[in-house]
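Letter by letter, the chains look like this.
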Amino acid sequence: MPPVSDFTLACPIPISDYPHVLLAHGSGGRLMHDLIARMFAAGFDGLGLDAAHDAAVVPVDGTRLAVTTDSFVVHPLQFPGGDIGSLAVYGTVNDLAMSGAQPRYLSVGFILEEGLPMETLWQIVCSMRDAAERAGVHIVTGDTKVVDKGSGDGCFINTTGLGTLAADRTIAPGAIQPGDAILVSGDLGRHGIAIMATREGLTFESAIESDAAPLHAVVRDLLDDGLDVRCLRDLTRGGLSSALNEIAEASGYELQVDERQIPVREDVRGACEMLGLDPLYVANEGRFVAFVPAAQAERALAVMQAHPVAEGARQIGTVGDDTEGDAVVTLTSSIGVERILDMLSGAQLPRIC
Amino acid sequence: MKYIDEYRDGAAARRLADQIARITTRPWTLMEICGGQTHSIVRFGIDQLLPDAITLVHGPGCPVCVTPLEMIDRAIAIAGRPDVTFCSFGDMLRVPGSHDDLLSVKAQGGDVRIVYSPLDAVQIAAKNPEREVVFFAVGFETTAPANAMAVYQAHQRGLTNFSMLISHVLVPPAMEAILAAPGNRVQGFLAAGHVCAVMGVAEYEPLAEKYDVPIVVTGFEPVDLLGGVYLCVKQLEEGRAEVENAYQRAVPSAGNVPAQDLMREVFQVIPRKWRGIGQIPHSGLGLAPAYAAYDAEQRFGVDALHVEESPECISGLVLQGRKKPPDCPAFATRCTPEHPLGATMVSSEGACAAYYRYRKRAALA
């Protein structure tokens, strides 16, 4: 660990821009990206943060383990299609799966706010139990803290996951090759819109349910099928756009996607139009992108579509050339003109008109 | 999705672009008024389908952009008070003031809330009589009726803890300021469809006649915008200068009469300062005398605040269609959405922000 003065010098941007942490620092956009790169990666040198991936792969006595951790602070605690409990299991399971690991064990840490109804907590616990069973993981250890009323938001959950890696292969942005196909596992934006609609009391003709789901089984089948999976990434905060920009930056290749091929359900599109949001930036909790050689794209899609959680899988683009440092994602618009698909600065905020 | 898909159809868009190319015999410069239209043009790449002879310049119709810096500072001063619950539409929160933004006020404990309707703020005031609830009323004729309704309802309900910080502006006076300015290059306008849905089309007739300029009421989707460009170019080529409505599915010629009545009840026309442009007479709305008690500037004594803008920023020229964002030496270097120097970079609908987001690479090349 460098001395404190060096640490301060190493991360001037987040500190000089904003003397206080903003909500936008947690929104999955440019601000969070900078905070991780300049604050945490600079501070925690050598902990694998430079891999810019959802889970770290660590060697243990000749085998490799995948390890990841995630905290869940969703409001409301319960929403159409899930709750904070199932989310806390699937989120961590999916982060493990994206490194190609078979998820095995989870720890769970609860930070509870004084006054939380026991009935609510029991529902969350039951939901975690069911989700763990569905994802084939065991919750093996935990921790509980209670904070004063007003110091929490009912319930925060942290889960840490351990997974095992079968083959000695690297699934990461560095493995991507020019010409690879970019696949997405289904329609985008349902989780973010479900949360926002519940939080803000917005109602639509039919309830939009979160897409939260475990993705380990579909990933396992992709690997078992012998497909040359180069890179996987689940689409959470910041949506497709943040994930693709991070991968473009880490791989050094231009990523080209076609808006006309990106699946977004009609009700989600309607909600986004109404709120002035772009579904490509809206959060998902059961969707991922996969990079495979172009020649294997159809086979990979067939494997994915055999799973209910990925039955809407489609190819949305291809990997372009080496950008020589100018990492970029380009998008062909619905009228066929090309533009940049940028990472958002902070949170997407609903527009005035 | 009905009313969206058919207006985002690539084949229809290209057909219109071909028609525009066929009727164009010389260069024309058109301005789209609304920031939503600018955003759509750059996002879909509509200008890239047009013949080289057609130049689209981007107008002043982004409410976040043209809200003066001192108004942001006033909002920040009010929102930081411990007795205030400050309500705003989301996109005003990250607009930097002279020293801070509303998101930072929130991070430091200020009660700053995003609402989806000004009526939500009235509801918050009714439920929390011990709090001073302030709504940041920003926008054009589009948002004015709902904001007028909020004040009207607060008045009807006898709420004394509700007030509005108002920065309302009007489109036709800004169009006139652009047309009357020496060096104006705008030859035709795509008028803002949603503004016209409220106000109707009649107030544009005198402008078209006085300045001999075609004005086509236009929507926001690619096919709408190309249709608007087509009608505008056709008028120019034929030597006509009329008001035409290319957005009839949303705009009746009389507009929304009950909404106009409510605006006239609650607001009065006043001079307003536009960020990047300056003071324009009769270009804004303030509370009518009968509703003056709901004016947050008066209530919190922040009306005297004045500030200086960056001398490097050319947003005034961009907002009047004289320059394009990449013409500015600070664009995407010293001026970015994270560190905006001025009006057109602060909002996602500002022309500079739209170019930065969708065209950064081409613009810098």
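Residues numbered from 1 in each chain as written. Chains lettered and ligands numbered in written order. Predicted model: local features only at pLDDT ≥ 70, side-chain atom pairs only at ≥ 80, totals over all residues. Heavy atoms only, no water.

Undergrad: Which parts of the structure should I look at to understand the packing of aromatic side chains?
TA: Given two aromatic rings, one states the distance between the centres and the angle between the planes to describe the pair. Residues and elements named next belong to chain B. A complete count under the given rule lists five aromatic pairs over all chains for this structure. In this arrangement the basic side chain of arginine 249 is found over the ring face of tyrosine 7, its NZ or CZ atom lying 3.6 Å from the centre. Here the basic side chain of arginine 359 rests over the ring of tyrosine 355, its NZ or CZ set 5.5 Å away from the ring centre. (Phe/Tyr/Trp six-rings, centres within 6.5 Å; stacked < 30°, edge-to-face > 60°. Lys NZ or Arg CZ within 6 Å of the ring centre and 35° of its normal.)

Undergrad: Would you mind going over the interface of chain B and chain A with me for this structure?
TA: Accessible area lost when the parts come together is the quantity often used to give the size of an interface. Listed as interface residues are 47 residues of chain B and, on the opposing side, 39 residues of chain A. At the boundary of chain B with chain A, total buried surface from both sides reaches about 3,700 Å², with 55% on carbon and sulfur atoms. Taken together, the links from chain B to chain A amount to three salt bridges. Where Arg8(B) meets Glu273(A), a salt bridge forms, and the shortest distance between an N and an O atom there is 2.6 Å. Counting residues per element, the ones that place at least two in the side of chain B that touches chain A are helix H1 (10-23), helix H2 (35-44), helix H3 (63-66), helix H5 (102-107) and helix H16 (351-364) of chain B. The element that contributes the greatest number of residues to the side of chain B that touches chain A is H16(B), accounting for six residues. Split into classes, the residues belonging to the side of chain B that touches chain A amount to 20 nonpolar, 10 polar and 17 charged. (Contact = heavy atoms within 4.5 Å. Buried area = accessible area lost by both parts, 1.4 Å probe. Salt bridge = Lys/Arg side-chain N within 4 Å of Asp/Glu carboxyl O. Helix = DSSP H or I, 4+ residues; strand = E, 2+ residues; numbered from the N terminus. Nonpolar A, V, L, I, M, F, W, Y, C, P; charged D, E, K, R; others polar.)

Undergrad: Looking at this model, I keep getting lost on the pattern of salt bridges. Mind explaining?
TA: Pairing is possible between side chains of opposite charge, provided their charged atoms come close. Residues and elements named next belong to chain B. For the coordinates displayed, the defined rule picks out 28 salt bridges over all chains. Across the pair glutamate 309 and arginine 275 runs a salt bridge, and its minimum N-O distance is 2.8 Å. Note that glutamate 309 is positioned in the loop between helix H13 (296-300) and helix H14 (315-319) and arginine 275 in the loop between strand S10 (267-274) and strand S11 (278-287), a separation of 34 residues in sequence. Salt bridges sharing partners connect three or more residues here, namely Lys234, Glu238, Arg240 and Glu242.

Undergrad: Mind showing me how you'd approach helix H8 (residues 171-180) of chain B here?
TA: Each α-helix winds once per 3.6 residues, and so residues spaced three or four apart point in a common direction. Where burial is concerned, most of H8(B) is hidden: seven out of the 10 residues are buried. Turning to H8(B), its buried residues number three or more, namely Val171(B), Pro172(B), Pro173(B), Ala174(B), Met175(B), Ile178(B) and Leu179(B). (Buried < 20%, exposed > 50% of the residue type's maximum accessible area, 1.4 Å probe, protein only.)

Undergrad: Could you clarify how one ought to interpret the domain arrangement of chain B in this entry?
TA: Residue and element names in this part refer to chain B. Looking at the assigned domains, one finds that chain B contains domain 1 (5-61 + 171-245), domain 2 (65-170 + 255-300) and domain 3 (315-364). Computed from C-alpha atoms alone, the centre-to-centre distance between domain 1 and domain 3 is 21 Å. With 24 residues of domain 1 at the contact, the number on the domain 3 side is 16 residues. Buried surface at the junction of domain 1 and domain 3, summed over both partners, amounts to about 1,400 Å²; 53% is from carbon and sulfur atoms. For the pair domain 1 and domain 3, the number of links is one salt bridge. The closest approach of N and O atoms between aspartate 47 and arginine 359, which form a salt bridge, is 2.7 Å. On inspection of domain 1 and its partner domain 3, the count reaches seven residue pairs in polar contact (both at pLDDT 80 or more). (Domains from an automatic or database assignment. Polar contact = N/O pair within 3.5 Å; in protein donor to acceptor, adjacent residues only side chain to side chain.)

Undergrad: Got a minute to help me understand the domain arrangement of chain A in this structure?
TA: Residues and elements named next belong to chain A. We note that the domain assignment places domain 1 (1-51), domain 2 (57-168) and domain 3 (173-340) within chain A. Taken together, the contact between domain 1 and domain 3 spans seven residues of the former and five residues of the latter. Overall, the association of domain 1 and domain 3 removes approximately 470 Å² of surface from exposure, summing both partners, and the carbon and sulfur fraction of that is 35%. Linking domain 1 with domain 3 are zero salt bridges. Residue composition of the side of domain 1 that touches domain 3, grouped by class: one nonpolar, five polar and one charged.

Undergrad: What should I look at first to understand helix H6 (residues 118-127) of chain B in this one?
TA: All names here are of chain B. What H6 keeps buried is the set Pro118, Ala121, Val122, Ile124 and Ala125. Looking down the long axis of H6, one finds its buried residues gathered within 160° of arc, a one-sided arrangement. Buried residues in H6 make contact with strand S3 (84-88), strand S4 (111-114), strand S5 (132-139), helix H7 (144-156) and strand S6 (162-169). Its side-chain oxygen 3.0 Å from the backbone nitrogen of leucine 119, serine 117 forms the N-cap of H6. (Arc of directions from axis to C-beta.)

Undergrad: Can you walk me through unusual backbone geometry in this structure?
TA: Comment: phi is negative for the bulk of residues other than glycine, and the bulk of peptide bonds are trans. A cis geometry characterises the amide bond from His75(A) onward to Pro76(A), with omega recorded as 5°. The residue Pro76(A) is located in the loop between strand S2 (63-72) and strand S3 (78-79) in this model. The backbone of Asp212(B) sits at a positive phi, close to 55°, despite the residue not being glycine. With respect to the helices and strands, the residue Asp212(B) is situated in the loop between helix H10 (205-211) and strand S8 (215-218). We note that His282(B) has phi near 55°; this positive angle belongs to a residue other than glycine.

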